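For reference, the chains in residue letters:
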Amino acid sequence: MSRTTGTFEFPANFEVKKQAPLDARLTTPLLSELTDSSLPFPYKGMVVAVTDDTTSSNNGLYQLTDADDTNINNWERVGAGAGTIDGSGTSGNMTLWDGISTITDSVITEADGIVSVNAPLSSVFNIALSSSLGEVALSAGHSATAEDVLYVSTGIDVKGNSTIYGDLSVIGDFTYIDSTVSVTSALSVINTGLGPAMYVEQAGVGETIAQFKDTEGGTITITDGANINMDGGIQSNSVNTATVSATGRVDGSNISTIESKVEGLYSYLINNFDTNQITTATDLSDFVTNYPKTGLDPGDVITLSATNTAYILGDNDGSANSDWLEVNLKPNFLFYRGNMSDYATLDCVPLSSAKSSKYIIQVEDNTDGALFYGEINVVSDGTIAVATEYALNHTTVFPFVEFGAEVVNGRVCLSAVALESKNMTNFTFKGNRSNLFG
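Everything quoted here is computed from the prediction, not taken from an experiment. (Residues numbered from 1 in each chain as written. Predicted model: local features only at pLDDT ≥ 70, side-chain atom pairs only at ≥ 80, totals over all residues. Heavy atoms only, no water.)

Draft legend 1. Summary view of the sheet that holds strand β25 (residues 411-418). As summarised here, the arrangement of the 3 strands in space is β20-β25-β24, forming an open sheet in which the pairing is antiparallel. Looking at strand neighbours, the two that pair on one side only are β20 (344-350) and β24 (401-408), the edges of this open sheet. Direction aside, neighbouring strands of the sheet carry axes that sit 25° apart on average. As paired elements, β24 and β25 share 8 bridges and run antiparallel to each other. Paired with G404 across the two strands is S415, which belongs to β25. (Pairing = 2+ DSSP bridges. Helix = DSSP H or I, 4+ residues; strand = E, 2+ residues; numbered from the N terminus. Axes fitted to C-alpha atoms, helices over the stretch in contact; angles between N-to-C directions.)

Draft legend 2. Geometry of the pattern of salt bridges. Enumeration according to the criterion identifies 5 salt bridges in this entry. Residue R433 pairs with D347 through a salt bridge whose shortest N-O separation is 2.4 Å. Remark: D347 occurs in strand β20 and R433 occurs in strand β26 (residues 427-437); sequence separation between them is 86 residues. The salt bridge involving D365 is made with K422; its shortest N-O contact spans 3.0 Å. Taken together, the residues span a long stretch of sequence, with D365 in strand β21 (residues 356-365) and K422 in the loop between β25 and β26 at a distance of 57 residues. Linked through salt bridges whose partners overlap, the residues forming this network are D365, D368 and K422. (Salt bridge = Lys/Arg side-chain N within 4 Å of Asp/Glu carboxyl O.)

Draft legend 3. Structural detail: the pairing of strand β8 (residues 114-117). Of the strand pairs in this sheet, strand β7 (residues 102-111) and β8 are connected by 4 bridges, and their pairing is antiparallel. Its bridge partner lying in β8, E110 is registered against V115. Between β7 and β8, which pair antiparallel in sequence order, lie 2 residues; one of them, D112, sits at a positive phi of approximately 55°.

Draft legend 4. Layout of the side chain of T219. Note on placement: T219 falls in strand β13 (residues 219-223). With relative accessibility at 16%, the residue T219 sits in the buried group. Ignoring any residue separated from it by four or fewer positions in sequence, one finds T219 in contact with Q211, F212, K213, N229, M230 and D231. (Buried < 20%, exposed > 50% of the residue type's maximum accessible area, 1.4 Å probe, protein only. Contact = heavy atoms within 4.5 Å.)

Draft legend 5. The arrangement of a nonpolar patch on the surface in detail. Residues I164, L168, V170, F174, Y176, V181, V183, L187, V189, M198 and V200 make up a contiguous nonpolar surface patch of about 1,100 Å² in total accessible area. Looking at I164, the relative accessible area reads 53%, which means it is exposed. (Patch = residues over 30% accessible without salt bridge, like charges linked within 9 Å, V, L, I, M, F, W, Y side chains within 5 Å. Areas by Shrake-Rupley, 256 points an atom, 1.4 Å probe, with all protein chains shown as cover.)

Draft legend 6. Quick look at the nonpolar core. I361, V363, V401, F403 and F429 are the most contacted members of the largest nonpolar core, which has 25 residues in total. Going through the elements one at a time, β20, β21, β22 (371-380), β24, β25 and β26 are the ones with two or more residues in this core. Among the elements that take part in this core, β25 stands out by supplying 4 residues, more than any other. In contact with V401, not counting residues within four places along its chain, are V363, F372, E389, A416, V417, L419, F427 and F429. Ranked by size, the runner-up nonpolar core spans 10 residues in total, among them V288, L296, Y311 and W324. (Core = buried A, V, L, I, M, F, W, Y, C linked by side-chain atoms within 4.5 Å.)

Draft legend 7. Summary view of the sheet that holds strand β14 (residues 227-230). Strand order in this open sheet of 3 strands is β12-β13-β14, and the pairing throughout is antiparallel. Edge positions in the open sheet fall to β12 (210-213) and β14, since each of these has one partner strand only. The sheet shows a mean angle of 10° between the axes of neighbouring strands, direction not considered. Judged from the 4 bridges that link them, β12 and β13 form a sheet pairing that is antiparallel. Each residue of the ladder has a partner; that of K213, found in β13, is T219.

Draft legend 8. Here's a closer look at the packing of aromatic side chains. Inspection of every chain in the model, using the stated rule, returns 7 aromatic pairs. Both rings, one in F287 and one in W324, keep their centres 5.6 Å apart while their planes meet at 85°; by these two values the pair is edge-to-face. Placement of F287 in helix α3 (residues 284-290) and of W324 in strand β18 (residues 324-327) is noted, with a sequence separation of 37 residues between them. Take F287: its relative accessible area is 0%, and that puts it in the buried class. Joined through ring pairs, the aromatic side chains of F372, F400, F403, F427 and F429 make up one cluster. It is K293 that lies over the ring of F287; its NZ or CZ is 5.8 Å from the centre. (Phe/Tyr/Trp six-rings, centres within 6.5 Å; stacked < 30°, edge-to-face > 60°. Lys NZ or Arg CZ within 6 Å of the ring centre and 35° of its normal.)

Draft legend 9. Looking closely at the state of the cysteines. On inspection of all chains with the given rule, the structure shows 1 disulfide. Covalently, C348 is tied to C413 through a disulfide, its sulfur atoms 2.1 Å apart. Looking down the S-S bond of the C348 and C413 bridge, the torsion is 110°, so its handedness is right-handed. Note that C348 is positioned in strand β20 and C413 in strand β25, a separation of 65 residues in sequence. Given the relative accessible area of 7%, C413 is considered buried. (Disulfide = S-S within 2.5 Å.)

Now the structure itself:
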């Protein structure tokens, strides 16, 4: 479409002698007059200056961009967005446009080469990145508790050292590729769900599972095969609640000492030890220091004639006072009991071992020195038991104790009761058992 030419030609200029445009339509005081038909014969491309509108921002040069001049949207202000810019700005802040010709500060600042976002991430930060590996969403406010956090949908790789100020939570599996983890503070593992609270697994034959070391001395090592080696001790504030369980043998220097003492006590209580050596030593220290221990084994007894005291050997050596345990001087007695109550049990024999027993028993009343000596036979058919007294000897006019027997939980038990107004708590029972028949 070519330009439309004029009808008249003027081969010279006009010299206007009036303070007004040659075409009166080129200016109008009010913006409203652009659309109220005040301008005759408006045409597309017509330029009109609004000069004296009551709203100063309406003044300016407008161009009609469409044939309909009654629509203000068809009047485009020439130079809109250019010219004078209103608003405020702060050094170091990135500028934000908040209108056509006004600016303000954004939340992004720059200082010394560092760009900072001074607002909650969820309100200003949301970036989507696309690549051949797929889309990666980088946004904020994505946590299950609606906290203000940075969220990366497909993972993140950090090249270099990283420091986290706050808690680190791992919901999925945690895989550590290298072989060293260093914690500068205390490590605490608290599990409120199903156990175990800590799981450690070591692959490889002969490899140590774990090691705990005290800088001041002492190491606990869990070796291959789940064996525990330690150069310290196992301690507990309460002996009653400290229990060590093992399906195999528990070895240790102190344990072996206890074992020897137990073997010695077993020999004394059950086997009535085979050796009772009489010595003229004045006391135990004299015997340990000055007398030979050749031929003595755990469970053997020495009797100090000077003090009428007996000791049983708990350890093989016997070269220290602590190796010996003081025992009753009557080692040939199976039982030695005192401070008993009426019908209290003196001795029990399993039915699987014997259905008849013979006892030789001496009873002494400690209040007056009265003695009772007798032979008691016990017979049982597995349901009931009967005690029969023979060859009774006593220093009183009448016997002052009577014996009985009963079957209790598959065991034949011998008991006693005081007679003649005597008190069982004052009696000392010394007895032996023989002639057991199954």
